[in-house]
Number of protein chains: 2
Amino acid sequence: MAAILDEADKFASEVLAPLNRVGDIQGCRLEDGNVATPAGWQEAYRTFRAGGWPTIAAPHEYGGQGMPKLVAAAVMEMWQASNLAFSLMPLLSTGAAEALQIAASEPIKQKYLPKLVSGQWGGTMNLTEPQAGSDLAALRARAEPAADGSYRIFGQKIFITYGEHQLTDNILHLVLARLPDAPPGVKGISLFLVPKYLVNDDGALGDRNDVRCVSVEHKLGIHASPTCVMAYGDNSGAIGYLVGEPSHGLEYMFVMMNEARFGVGLQGIAIAERAYQQALAYAHERIQGRDALTGEGSVPIAAHPDVRRMLMLMQSRTQAARMLAYWVVGQFDVAHAHTDAYERERAHQLVDFLIPIVKGWSTEVGNDSAYLGVQIHGGMGFVEETGAAQHMRDARILTIYEGTTGIQANDLLTRKLLRDNGSSLKQLLACMRADLDSLRSIDDQRIKGLVPPMEASLVHFESAALSLIERGKTNLGAVMFVAVPFLMLAGTVCGAWQWGKAVLAASRRLGDGTGDARFHREQIELAHFYMAHVATGASALAETVAHGAHEWGMGA
Amino acid sequence: MAAILDEADKFASEVLAPLNRVGDIQGCRLEDGNVATPAGWQEAYRTFRAGGWPTIAAPHEYGGQGMPKLVAAAVMEMWQASNLAFSLMPLLSTGAAEALQIAASEPIKQKYLPKLVSGQWGGTMNLTEPQAGSDLAALRARAEPAADGSYRIFGQKIFITYGEHQLTDNILHLVLARLPDAPPGVKGISLFLVPKYLVNDDGALGDRNDVRCVSVEHKLGIHASPTCVMAYGDNSGAIGYLVGEPSHGLEYMFVMMNEARFGVGLQGIAIAERAYQQALAYAHERIQGRDALTGEGSVPIAAHPDVRRMLMLMQSRTQAARMLAYWVVGQFDVAHAHTDAYERERAHQLVDFLIPIVKGWSTEVGNDSAYLGVQIHGGMGFVEETGAAQHMRDARILTIYEGTTGIQANDLLTRKLLRDNGSSLKQLLACMRADLDSLRSIDDQRIKGLVPPMEASLVHFESAALSLIERGKTNLGAVMFVAVPFLMLAGTVCGAWQWGKAVLAASRRLGDGTGDARFHREQIELAHFYMAHVATGASALAETVAHGAHEWGMGA
């Protein structure tokens, strides 16, 4: 694992990171139906493929390396931190591969999956239509059965990430559409595979399919990631193949979406880390002002109390969000691979509960860190050449795509908390309490000092959640009105819990005398910082959850 | 006053607002030392001048209309909301005029002020140098005395807003520089007037001075406002005139800076309002999704609980920040014009205490609102054509220029709170308590319900402030570490107080039966929203102020 991470680090810093600003400046251009990616993109993608990176977590049977998702996540975070726009390409392709694995028939899998997994072909997800943003029930794209068992797809899809490009020989579009006899609403949606180039039975590329990119969005950030408007069937209909059962399209998408949402949560952490590293370097280089206490002239701005506070805020929240995400992806692996069915189910429940928190909270953390990164740069942060502003622009999409923060919060509240009447919540609280007990038993005053604020935040979270379950029974609108404050509360408290786990690890290593003692002691101090500067927000959020909907809930 | 506001509204919506996006797209170009402003800018500025808008609050003796600053602020907010980049031009010119009024000799005033006041000439402020961002002690620009009593200025200044343009016949640069015998540090800084074109005794323009714009920054936002690098004295030295006494430059700047900081705080409110209005309109136009409770299809997104929450958050904070700013600018007028010296002094103290809060808090509110504005637009918010993203980009400078949020917080903490040992704070708390008592005496349960949360937030603020005064005596580094959380606490609580005042007004009008009863009732509900969603943060911030610096203050 260490070797893989080292190699990924090398590729991210040496190849992807230098292209990040080039991509921002050049962006993508649509020319005669082709999308030109920025200078260096083609070569970078070739090297990426040659290194076998696309295959890392894919199953062996389709040419993957079958690594745990935890490893894949750590690697993916590096692509994202070094070049968010580039990282979307493998993220989407992996998502498409997952969907095919879950739902496609064996012949489709055999024909398409190996080349998708190897990165020779790209993959996209086509959900959104102009009249239907987050509301998939309103989808209108249609699929007409053809005599040969395939379908003809008609309709327009928008916001399609890497919908068209020249990085791969072919692109496999996964498209949600309706069959002629399908029921209205979300129940009538089926999933189709629509390749850019048709694939002959021998695997060679055939004719160009009736799908094309008709425009590329002019966006605030991630300029190098082409966000396409895709037209299906402008001529005779795009040839598509049904994936799985008719009318089960949304179900397959939801399974895959869990992973995509996790991936976007990770993007929040990645951009937070990138912004932090850049701000940290700047704060140590930039000499300005006098020491507030000694009056000594010309100190690096990192010496100024408020700059130090901002750096610690970025660092402690980013690490909290990362620890949570990595813990969740570890549970993903448990849910897939544990030998004990009960453990698998328990892990599965925790993952389902925590995914909207990872997505919703980490992406807000990412935006906030990018904002602070600009702030630490002062006037230079507002100048584009510095690069701090790009992180802020790039980060802005993260709380929107793959379901807005509001949608994550509704998912957490209604599907994950109310629907199972708090049973997943109880699993999570049990994990938290167990770690709190371990912390309490450590014979170290500095560590014991973390227990009261951590416990307080946990109690705020628990009582807010229980009151939502109760109130949700009679006034759904009122509780939905405070869904986002509840999600932020959950994220804040999960972060405190994860800092508790970090301190347990640090204390173990300090006791053993292993590792870098200075690092471990710093971890304990960062945990204190988090409790005093971030976890303090739990009481305020709990109060908002308790009182914020009295008159303003939809049903009130 | 109503007529003035109506006219300003017309000019802002009909002339300035339509140019906002043009300005963003075209930006400014430096060509042969001249800066070309975007299409339509020249005409807009001509109309602006013809309407007499630059003169609104200037004194009669220099051709101004002598209006109260409260009126000028309301008018200025409209320029800022409709076109932030444009509004910087009059803001800077007004600042330069203030500086001359405060400090310049009568001959200089007579020669330059009338044309600056009328908007025939523009004005700039030249503080920052590459090696000295916020740290004015490190300034190196120098001024050499010439035989005729003028000076020759040498040096480079950066981040000079509207440093060069063709909107006016002449530009008056106010430049901080050092005389040859000046002491080091901030005490050796003098203020000079350096006109772009020298002015003959008869008022006609003479030779071009030795000052030029050598580059224009490529910025995240406010593209249409040229941010210039200015070179003084590349040839024989730029001819400058000493303003006021030698070595008192910083003092004059500070007086003027109070007003400039207020103006930037107002920009935060303006951009928050603009983002709110745009998001509100979009939320009512955009049909998507089903009603969460009734299941009814195709509702405007404003019907979704979380969209409604975001809109109310934007609205309630923006109004709170505006009420505070307008109250402060009203006290400005009292401090200038009240007949009673005690009242003038009291108002002056309140203004001084509150300016860093208006600047620091309102600009953070502005950024946060612009962020939420994008969020409400969903995917469309990330697409530049929508315009929501521009507000977010434009807003990002506001927490940085005229002193970062950290600098405002240090000013509030050290100069305004610690230095006078809490005496200004007590004035402010007395105002708050008086309004709280009035609220308490109103015989209306809905209104009485506001008293406990408002009082709680006030108590958090007071005790945090008193503890800072106490701890600041022995550990300045520790209290400076929590200066920004304290400033945010102060802003949050001032907002709650202002909502209390708004409710008092609404209750009076409801009692009288005057005005729009529905509006007044909505105000009371918005006040409740603010208490439950914003003022709740006071306890968390107070806790951070109390515990956030134990180990991490600079001196700890």
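Fair warning: this is a prediction, and the values are worked out from it, not measured in the lab. Residue indices begin from 1 for each chain and proceed along its sequence in written order. Going through the entries in the order they are written, you letter the chains from A and number the ligands from 1. The predicted nature of this model means local features are confined to residues of pLDDT at least 70 and side-chain atom pairs, given and counted, to a pLDDT of 80 or more, with totals for whole chains, interfaces and linings taken over all residues. Each side-chain value is worked out from all heavy atoms of the structure, with water and hydrogens disregarded.

Enquirer: Teacher, can you tell me more about the relation of the copies chain A and chain B here?
Expert: These two copies of the chain differ by a rotation about an axis and a displacement along the same axis. For the least-squares superposition of copies, only C-alpha atoms count, and only for residues with pLDDT at least 70 in both. Note on the identical chains: chain A maps onto chain B by a rotation of 180 degrees and an axial translation of 0.0 Å, with an RMSD of 0.0 Å. With respect to symmetry, the two chain copies, as superposed, fit the operation of a two-fold axis. Within chain A, A:Ala540 has its C-alpha nearest the rotation axis, a separation of 3.0 Å. Every residue pair with non-hydrogen atoms within 4.5 Å of one another is taken to be in contact. In this assembly the copies share their binding face: 100% of the residues contributing to the interface of chain A also contribute to that of chain B.

Enquirer: When you look at the nonpolar core in this model, what are you seeing that I'm missing?
Expert: Within soluble globular proteins, side chains that are nonpolar tend to cluster in buried spots. We call a set of buried Ala, Val, Leu, Ile, Met, Phe, Trp, Tyr and Cys residues a nonpolar core when their side-chain atoms join them within 4.5 Å. Any residue under 20% of the maximum accessible area for its type is buried, any over 50% is exposed, and the rest in between are partly exposed; the area is computed with a 1.4 Å probe on protein chains only. The biggest cluster of nonpolar side chains holds 338 residues, and the ones touching the most others in it are A:Phe461 and B:Phe461. Sequence-distant contacts of B:Phe461, that is, excluding residues within four places in its chain, are made with B:Phe353, B:Leu425, B:Leu428, B:Leu429, B:Met432, B:Phe486, B:Leu489, B:Ala490 and B:Val493.

Enquirer: Whenever I open this one, empty space enclosed by the protein confuses me. Can you help?
Expert: Over the atoms, a rolled probe matching the size of one water molecule traces out where space is still vacant. All names here are of chain A. Only protein atoms enter the 1 Å grid used here. Points where a 1.4 Å probe fits but cannot escape make up a cavity, open sets with protein on both sides within 12 Å along at least five of seven lines make up a pocket, and a residue lines them when an atom lies within 4 Å of a point. Grid points are joined across faces, edges and corners, and a volume is the space filled by probe spheres set on the points. Inspection of the entire model under this criterion finds two cavities of 30 Å³ or more. One number sums up the size of the second largest cavity: a volume of about 30 Å³. Lining the second largest cavity are Asn20, Gly23, Asp24, Trp41, Asn83, Ala85, Ile222, His223, Ala224, Gln390 and Asp394. Secondary structure elements are defined from DSSP: runs of H or I of at least 4 residues count as helices, runs of E of at least 2 residues count as strands, and each element is numbered from the N terminus. Mapped by element, the contributors of at least two residues to the lining of the second largest cavity are helix H1 (2-26) and helix H9 (388-395). Of the residues forming the lining of the second largest cavity, the biggest block, three residues, is contributed by H1. For this classification, Asp, Glu, Lys and Arg are treated as charged, while Ala, Val, Leu, Ile, Met, Phe, Trp, Tyr, Cys and Pro are nonpolar and the rest, including Gly, are polar. Residue classes in the lining of the second largest cavity are distributed as four nonpolar, five polar and two charged.

Enquirer: In this structure, what is going on with the packing of helix H7 (residues 305-337) of chain B against helix H8 (residues 341-377) of chain B? I would like to understand it.
Expert: Residue and element names in this part refer to chain B. Orientation of H7 relative to H8, taken along the N-to-C sense of each, is 155 degrees, at an axis distance of 8 Å. Of the possible angle classes, the one that applies to H7 and H8 is roughly antiparallel. Our pair here, H7 against H8, has a crossing hand that is left-handed. Of the residues that constitute the contact of H7 with H8, the class distribution is 25 nonpolar, eight polar and four charged. For helices, the axis comes from a line fit to the C-alpha atoms of the stretch in contact; other axes are also lines fit to C-alpha atoms, and the angle between any two N-to-C directions lies between 0 and 180 degrees. Orientation categories follow fixed angle ranges, with anything under 35 degrees roughly parallel, anything over 145 roughly antiparallel, 65 to 115 roughly perpendicular, and all other angles oblique. Note on convention: the crossing is left-handed when the near helix lies turned anticlockwise from the far helix by less than a right angle, right-handed when the turn is clockwise.

Enquirer: It is not clear to me how helix H11 (residues 423-440) of chain B should be interpreted in this structure. Could you clarify?
Expert: Residues and elements named next belong to chain B. Spanning 18 residues, H11 covers 26 Å between terminal C-alpha atoms, matching the ideal 26 Å at 1.5 Å per step. All of the buried residues in H11 are Ser424, Leu425, Gln427, Leu428, Leu429, Cys431, Met432, Asp435, Leu436 and Leu439. Lining the buried residues of H11 we find H7, H8, helix H10 (405-418), helix H12 (445-448), helix H13 (451-472) and helix H15 (483-512). Here a helix's expected span is defined as the number of its residues, less one, multiplied by 1.5 Å.

Enquirer: I'm lost on the packing of H1(A) against helix H3 (residues 69-82) of chain A in this one. Help?
Expert: A pair of packed helices is captured by two measures, namely the crossing angle of their axes and the spacing between those axes. All names here are of chain A. One can describe the packing of H1 onto H3 by two numbers: an axis separation of 8 Å at closest approach and a directional angle of 20 degrees. One way to sum up the angle between H1 and H3 is to call them roughly parallel. The hand of the H1/H3 crossing is right-handed. In this structure, H1 uses Ile4, Leu5, Ala8, Asp9, Phe11, Ala12, Leu16, Ala17 and Asn20 to contact H3, whose residues at the interface are Val71, Ala74, Val75, Met78, Trp79 and Ser82. Of the residues assigned to the contact of H1 with H3, the class counts are 12 nonpolar, two polar and one charged.

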